Amino acid sequence: MHTQLLPALPEHIALGGKLLQSGQLVGFPTETVYGLGANALDAEAVRQIFIAKGRPQDNPLIVHVACPDDAESLCHVSSTARKLMDAFWPGPLTLVMPKKATVPEVTSAGLSSVGVRCPAHPVALALIRAAGVPVAAPSANTSGRPSPTCARHVYEDMQNRIPLILDGGDCQVGVESTVLSVTGDTPVILRPGKVTQLEIAQVTGKCLIADSVMRPLREGESAPSPGMKHRHYAPRGNMTIVQGTDEKKVVATLKRMYLSSENACILCHENLLAAFPGMRVFSLGNSPEDTARVLFSLLRDMDALKISRILCQGWDTGGVGLAVMNRMARAASFDIIEAE
Ligand code: TXA
Ligand code: MG
């Protein structure tokens, strides 16, 4: 199948809407990462997503809607869920709610709940409206690769597998949405993202974080969010995260490790870039928000450059730092050390 990569102009968005209506897949931008969309109510179309990504069948998809009212036909919306929609939609918050029978089993991977989100991206919203149906969309990467944050990444992974990719430029957030279960009494973050625990608690009074967010699953333990149990992106190179508040120690540790490895690369905060003269070093920006925006793209670059040792400075897990460290820790198979 030939893949068209087109700028997200109105006529191309209209074409995307038609393709979705006819059961085909479309790659499209959201504010978090690019999505791989299909009509969420068409079981056969949704099956094509799992095939195109090579995604395990037991990993449920997020259903994208253009406004809060459109969630009503898909799931039971509690008053807490409605408050969260009013506060954060459109935006990078996925709400896991009790599903209605309209959502096919394949979309929710057989669960009794469904994740729904209204993305804050004009192209995504226009595409959902053009399709006239809710759009199931995981991140548009091949399973096991970093999520795509620009149209070129989608093309790398999906060329010849889907008919259309809409190019809407680089994603502003860069890590996937916060996944929040609101099926119980207290909301629980299953996957951290741009919308933080504190921001959610300001609306709901309370918000917990699933304790598997910052550690690997134990042998035989079941994941609160099925996506967390699957192997996540592991770069070809061996990756280690160096933590620490004492910058001198962080620099010394990164340098020592760099010099004792072959074909290594350092990823560090912008202010430390000059501390590694003559070494291969890339910037993670000045804040966790900056790092969120560039992390997946840098990890793809590490593979393209065939780097064998990736030495990456971490962030504190406060605020968006939790989402960044959750993704980094998985890429590094939880190899995290304290600088000394
Ligand atoms: O930002 C995002 O969320 C992006 C864009 C495209 O919207 N989408 C995305 O989808 O990251 P995906 O499929 O790559 O990740 C969905 C995550 C998985 O970890 C999945 O297990 C979890 O959400 N999830 C979806 N439905 C769920 C449910 N009913 N219960 C628990 N976890 C659920
Ligand atoms: Mg994904």
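Here, the structure is the one placed above.
1. A closer look at the overall build of the protein
A tally of helices and strands in the protein yields ten helices and 16 strands. On C-alpha atoms alone, the protein measures out to a radius of gyration of 20 Å, which is about the 20 Å that the 2.2 N^0.38 rule sets for 340 residues. By its C-alpha atoms, the protein is 55 × 50 × 35 Å across when sized along the principal axes. Each of the 340 residues in the protein was classed as buried or not, and the buried ones make up 55%. Positive and negative side-chain charges in the protein, numbering 32 and 32 respectively, have mean positions lying 3 Å apart.

2. Quick word on the nonpolar core
Counting 61 residues, the largest nonpolar core has W89, L93, L95, V116, L180 and I200 as the members making the most contacts within it. No other element matches helix α5 (residues 122-131), which puts six residues into this core. When residues no more than four places from it in sequence are discounted, the contact partners of L95 are A81, L84, M85, W89, V114, G115, V116, L180 and V182. The next biggest cluster of nonpolar side chains, apart from the first, holds 26 residues, and it includes C265, L295, F296 and L298.

3. Some thoughts on the packing of helix α1 (residues 10-21) against α5
Packing of α1 against α5 brings their axes to within 8 Å, and their N-to-C directions diverge by 50°. Compared by their axis directions, α1 and α5 come out oblique. For α1 against α5, the interelement crossing comes out right-handed. Facing I13, G16, G17, L20 and Q21 of α1, the residues of α5 in contact are V123, A126, L127, A130 and A131. The residue makeup of the contact of α1 with α5, split by class, is seven nonpolar, three polar and no charged.

4. What to know about the pattern of salt bridges
In the structure shown here, the tally under the stated rule is 13 salt bridges. The closest approach of N and O atoms between D157 and R300, which form a salt bridge, is 2.9 Å. Pair noted here: D157 is in helix α6 (residues 151-158) and R300 is in helix α9 (residues 288-304), with a separation of 143 residues, a long-range link. Here the two residues D157 and R300 agree in accessibility, since each one is buried. R327 is the salt-bridge partner of E176, the closest N and O atoms lying 2.7 Å from each other.

5. As for the side chain of S181
The topology assignment puts S181 in strand β9 (residues 178-181). For S181, a relative accessible area of 11% corresponds to the buried category. At a separation of 2.9 Å, a polar atom in the side chain of S181 contacts the side chain of T183. Apart from the residues lying within four places of it in its own chain, the contact partners of S181 are V96, T186, P187, V188 and L190.

6. Topic: the sheet that holds strand β12 (residues 238-243)
Reading across the sheet, the five strands line up as β14-β13-β15-β12-β16 and stay open at both edges, with parallel pairing between neighbours. At either end of the open sheet lies a strand with only one pairing partner, and these are β14 (281-283) and β16 (336-338). Pairs of neighbouring strands in the sheet enclose a mean axial angle of 25°, with direction left out of account. The sheet contact formed by β12 and β16 spans three bridges and is parallel. Within the sheet, the bridge partner assigned to V242 lies in β16 and is I337. The strands touched by α9 within the sheet are β12, β13 (264-268), β14 and β15 (309-313), with β14 carrying the most contacts at an inclination of about 160°.

7. Section: α6
Among the residues of α6, A151, H153, V154, D157 and M158 are the ones counted as buried. When α6 is viewed along its axis, its buried side chains cluster within an angular range of 155° and face the same direction. Buried residues along α6 sit in contact with β1 (4-7), β3 (35-39), α2 (43-53), β8 (164-167) and α9. Looking at the residues trailing α6, positive phi occurs at N160, about 70°.

8. Quick notes on the pairing of strand β6 (residues 113-117)
Counting buried residues along β6, five of its five residues qualify, which places the element largely inside the surrounding structure. What you see with β6 is no split at all: S113, G115 and R117 on one side and V114 and V116 on the other are buried throughout. By the bridge criterion, three bridges tie strand β4 (residues 62-64) to β6 in an arrangement that is parallel. Directly across from I62, in β6, lies its bridge partner G115. The pairing of strand β5 (residues 93-98) with β6 spans four bridges and is antiparallel. Bridged to V96 within β6 is G115.

9. Quick notes on the environment of E44
In this fold, E44 is placed in helix α2. Sequence separation between E44 and T107 is 63 residues; the distance between their C-alpha atoms is 10.0 Å. A polar contact of 2.9 Å, which involves the side chain of E44, links it to the side chain of R47.

Calculation rules
- Residues numbered from 1 in each chain as written.
- Chains lettered and ligands numbered in written order.
- Predicted model: local features only at pLDDT ≥ 70, side-chain atom pairs only at ≥ 80, totals over all residues.
- Heavy atoms only, no water.
- Helix = DSSP H or I, 4+ residues; strand = E, 2+ residues; numbered from the N terminus.
- Rg over C-alpha atoms; globule rule 2.2 N^0.38 Å.
- Buried < 20%, exposed > 50% of the residue type's maximum accessible area, 1.4 Å probe, protein only.
- Lys, Arg positive; Asp, Glu negative; His and termini not counted.
- Charge placed at Lys NZ, Arg CZ, Asp CG, Glu CD.
- Core = buried A, V, L, I, M, F, W, Y, C linked by side-chain atoms within 4.5 Å.
- Contact = heavy atoms within 4.5 Å.
- Axes fitted to C-alpha atoms, helices over the stretch in contact; angles between N-to-C directions.
- Parallel < 35°, antiparallel > 145°, perpendicular 65-115°, else oblique.
- Left-handed = near helix turned anticlockwise from the far one by under 90°.
- Nonpolar A, V, L, I, M, F, W, Y, C, P; charged D, E, K, R; others polar.
- Salt bridge = Lys/Arg side-chain N within 4 Å of Asp/Glu carboxyl O.
- Polar contact = N/O pair within 3.5 Å; in protein donor to acceptor, adjacent residues only side chain to side chain.
- Pairing = 2+ DSSP bridges.
- Arc of directions from axis to C-beta.

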